[in-house]
Amino acid sequence: MVAIPERAPAAYHILAKPTGAACNLNCTYCFFLSKEILYAGSQFRMSDELLETYIKQLLESHRVPQVSVSWQGGEPTLMGLDFYRRSIEYVEKYRRPDQAVSYTMQTNGTKLDDEWCAFLKKHNFLVGLSVDGPREIHDTYRVDRGGHGSFDRVMRGWERLRAHQVEVNLLCAVHAANVRRPLEVYRFFRDELGAQFLQFIPIVERATAETLPLADQGWGEDDTGQRTLYTQEGHMVTRRSVKPKQYGNFLIEIFDEWVRHDVGTVFVQLFDASLANWAGTPAGVCVYTETCGQALALEHTGDLYACDHFVEPGYLLGNIQDTHMIELVASERQIKFGKDKRDALPRFCRECEVRFACHGGCPRNRFLKTPQGEPGLNYLCAGYRLFYKHIDEAMGIMTNLLHQNRAPAEIMRWYTFHDASRAENHPRSRSDTSTSARQVWRPRRRN
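Parameters at a glance
Residues numbered from 1 in each chain as written. Predicted model: local features only at pLDDT ≥ 70, side-chain atom pairs only at ≥ 80, totals over all residues. Heavy atoms only, no water. pLDDT = per-residue confidence, 0-100. Contact = heavy atoms within 4.5 Å. Pairing = 2+ DSSP bridges. Helix = DSSP H or I, 4+ residues; strand = E, 2+ residues; numbered from the N terminus. Phe/Tyr/Trp six-rings, centres within 6.5 Å; stacked < 30°, edge-to-face > 60°. Lys NZ or Arg CZ within 6 Å of the ring centre and 35° of its normal. Core = buried A, V, L, I, M, F, W, Y, C linked by side-chain atoms within 4.5 Å. Buried < 20%, exposed > 50% of the residue type's maximum accessible area, 1.4 Å probe, protein only. Axes fitted to C-alpha atoms, helices over the stretch in contact; angles between N-to-C directions. Right-handed = clockwise from strand over helix to strand, strands pointing away. Expected span 1.5 Å × (residues − 1). Arc of directions from axis to C-beta. Parallel < 35°, antiparallel > 145°, perpendicular 65-115°, else oblique. Left-handed = near helix turned anticlockwise from the far one by under 90°. Nonpolar A, V, L, I, M, F, W, Y, C, P; charged D, E, K, R; others polar. Polar contact = N/O pair within 3.5 Å; in protein donor to acceptor, adjacent residues only side chain to side chain.

Enquirer: Help me understand the confidence of the model for the protein in this model?
Expert: Residues shown with low pLDDT carry predicted positions that ought not to be read at fine detail. Per-residue pLDDT for the protein averages 94, and the proportion of residues at 70 or more is 94%. A low-confidence stretch, residues 428–436 (pLDDT under 50), is modelled with nine contacts involving residues beyond four sequence positions or located in other chains. Within the model, the stretch residues 441–445 combines pLDDT values under 50 with 17 contacts to residues more than four positions away or in other chains.

Below, the structure is given as structure tokens:
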């Protein structure tokens, strides 16, 4: 029985990368492709021995009944199905009778066929599928090593997932090619694909003056062999990166569509996390929580890093073949990493009226200075402030509905009345609308 350190969390999350950075696509904005540099000469395949070690350590160190086994890349399907069949055998070998294990996989979807999808369904995998919008948008950056778009191959994978009724979250990167087309992207997912679970992930690629020219070309290996390792350094961003206020407006346009038509039928991760923070319950997403440090990344070699976004030498905690995973998770270094999300916030953020909602955002994007010149301001701050101030009234209404044991989806009826009243431009209607809002209004939560 493993000895659990006193300060170890009861639960934590590991994103395991069995192929490391290896991928069959060459997406221009994918900084993780550059991580191949860290393991030059590697075959980029997790060994069976390490797979067993990982599963055993993960299960024996959890003190909660629910454990998640999560696979990412690179492209995890390159390992082949037999690898994942063995992983489930190891889970059955090592899980305690009181443990329930769930499975997730993030994939580009190009390798999925009926055999894959039948396996994913059988074991109730939650699949995160990367799609950036309709063909023209998706194929701007999500290309293969020949420069060809991946849209058709991804859509074939999507259709197979749907045919086998696999639970899927669509993961949409927000970048220069789609940030001005939010409703086109959202309606494509909702109306054409019939997707119900969406995540919108801002692309922010940091660079220095020295690395920017290469970074602008992309992070994969090109014909010249020139590339640079992506690290969380620099105060510049690539031309693909989303601009802060653009990101805020992108979210606002989608929110305004969603809150009028889709509450309770389409689930957008950021909107769910925002409502949780307004209601004073855990957001469930490390980006929007006060502290972090309990979502780590495991490389194909057994190296454990502080976070998926910090797979670089300065954040390597150790190797699970040398030191048990839970000792690394509970190390002083990792605990400080997680607490710094709160403790290193500049005063501008600590006093911000929407701090309770964003908690300063992800530390990887905190490379600007505040108006007072203090370092540590999130690059996306201006966008977050736009978005959170815009949704304040709606979030207050939905929070109050929850406190009344009513469904947040009731807000759509209020918006129907509200919009009709505004269209009529009648003084009595405007007054009634205001009263209706007050009936369910509750001031937002502030920490």
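Enquirer: Looking at this structure, how should I read the pairing of strand 10 (residues 295–298)?
Expert: Look at any regular strand and the pattern is simple: side chains alternate between the two faces of the sheet. Bridge analysis of strand 1 (residues 13–16) against strand 10 gives four bridges, and the strand direction is parallel. If you follow Ala16 over to strand 10, its bridge partner there is Leu298. Bridging between strand 10 and strand 11 (residues 303–305) involves two bridges; their strand directions are antiparallel. Among the inter-strand pairings, Leu298 is bridged to a residue of strand 11, identified as Leu304.

Enquirer: Explain the packing of aromatic side chains to me, please; I cannot follow it from the model alone.
Expert: Between two aromatic rings, the relevant description is the distance of the centres plus the angle of the planes. Counting across every chain of the model gives 32 aromatic pairs. Clustering of aromatic rings is evident, with ring pairs tying together Tyr247, Phe255, Trp258, Phe271, Trp278, Tyr288, Phe356, Tyr384, Phe387 and Tyr388. Here the basic side chain of Lys17 rests over the ring of Phe32, its NZ or CZ set 4.0 Å away from the ring centre.

Enquirer: Explain the nonpolar core here, please?
Expert: Proteins that are soluble and globular tend to have nonpolar side chains buried together. Tyr54, Phe189, Phe200 and Tyr388 are the most contacted members of the largest nonpolar core, which has 108 residues in total. If you tally residues by element for this core, the top one is helix 14 (residues 381–403), at nine residues. Dropping the residues within four chain positions of it, Phe189 is found in contact with Val131, Asp132, Gly133, Leu170, Cys172, Gly194, Ala195, Leu198 and Phe200. Core analysis: the second largest hydrophobic core is formed by 14 residues, Ala21, Ala207, Tyr230 and Val311 among them.

Enquirer: Explain the sheet that holds strand 9 (residues 267–268) here, please?
Expert: Consider a sheet: its strands pair through backbone hydrogen bonds, and that pairing is either parallel or antiparallel. Read from one edge of the open sheet, 10 strands run 9-6-5-4-3-2-1-10-11-12, paired in mixed fashion. A strand with exactly one partner marks an edge of an open sheet, and here the two such strands are strand 9 and strand 12 (316–319). Of the pairings in the sheet, the one linking strand 6 (residues 197–202) to strand 9 comprises two bridges and is parallel in character. Directly across from Phe197, in strand 9, lies its bridge partner Phe267. Where helix 5 (residues 151–163) meets the sheet, its contacts fall on strand 4 (125–130) and strand 5 (167–174), and the angle it forms with strand 4 comes to roughly 155°.

Enquirer: So what exactly am I meant to see when it comes to the pairing of strand 4 here?
Expert: Judged by how many residues are buried, strand 4 sits mostly within the fold: five of six residues are covered. Here five bridges tie strand 3 (residues 100–107) to strand 4, and the two strands are oriented parallel to one another. Pairing of Tyr103 across the sheet is with Phe125, part of strand 4. Following the backbone out of strand 3, through helix 3 (residues 114–122) and into the adjacent parallel strand 4, one traces a crossover that is right-handed. Sheet topology note: the strand 4/strand 5 ladder contains five bridges and is parallel.

Enquirer: Which parts of the structure should I look at to understand the environment of Tyr94?
Expert: Secondary-structure assignment places Tyr94 in helix 2 (residues 81–94). Taking the C-alpha atoms as reference points, Tyr94 and Lys56, 38 residues apart in sequence, are found 5.8 Å from one another. Every residue in contact with Tyr94, bar those within four places of it in the chain, is listed here: Glu52, Lys56, Leu59 and Gln99.

Enquirer: I tried to follow helix 5 on my own but got confused; where do I start?
Expert: A rise of 1.5 Å per residue sets the reference length of helix 5, with its 13 residues, at 18 Å; its end C-alpha atoms lie 18 Å apart and thus fit the reference within 8%. Of all the residues in helix 5, the buried ones are Phe151, Val154, Met155, Gly157, Trp158 and Leu161. Each buried residue of helix 5 sits inside an arc of 160° when the element is viewed along its axis, so together they form one side. Where helix 5 is buried, its residues meet helix 3, strand 4, helix 4 (135–141), strand 5 and helix 6 (182–192). With its phi angle positive at about 60°, Gln165 sits one or two positions after the end of helix 5.

Enquirer: What am I meant to see in the packing of helix 6 against helix 8 (residues 244–261) here?
Expert: The description of two helices packed together rests on the angle between their axes and the distance between the axes. At a minimum axis distance of 8 Å, the contact between helix 6 and helix 8 shows a crossing angle of 45°. Relative to helix 8, helix 6 is oriented oblique. For the crossing formed where helix 6 meets helix 8, the hand is right-handed. Facing helix 6, whose interface residues are Pro182, Leu183, Tyr186, Arg187 and Arg190, helix 8 presents Phe250, Glu253, Ile254, Glu257, Trp258 and His261. Counted by class, the contact of helix 6 with helix 8 contains six nonpolar, one polar and four charged residues.

Enquirer: How should the side chain of Asn178 be read in this particular structure?
Expert: On the secondary structure map, Asn178 appears in the loop between strand 5 and helix 6. Within the structure, Asn178 has its side chain in polar contact with the backbone oxygen of Asp132 (distance 3.2 Å).

Enquirer: What am I meant to see in the packing of helix 14 against helix 15 (residues 411–424) here?
Expert: Relative orientation of the contacting elements helix 14 and helix 15 amounts to 135°, with a least axis distance of 10 Å. The orientation of helix 14 with respect to helix 15, classified from their angle, is oblique. Contacts between helix 14 and helix 15 involve Glu393, Ala394, Ile397, Met398 and Leu401 from the former and Ile411, Trp414 and Tyr415 from the latter. Residues belonging to the contact of helix 14 with helix 15 are distributed by class as follows: seven nonpolar, no polar and one charged.

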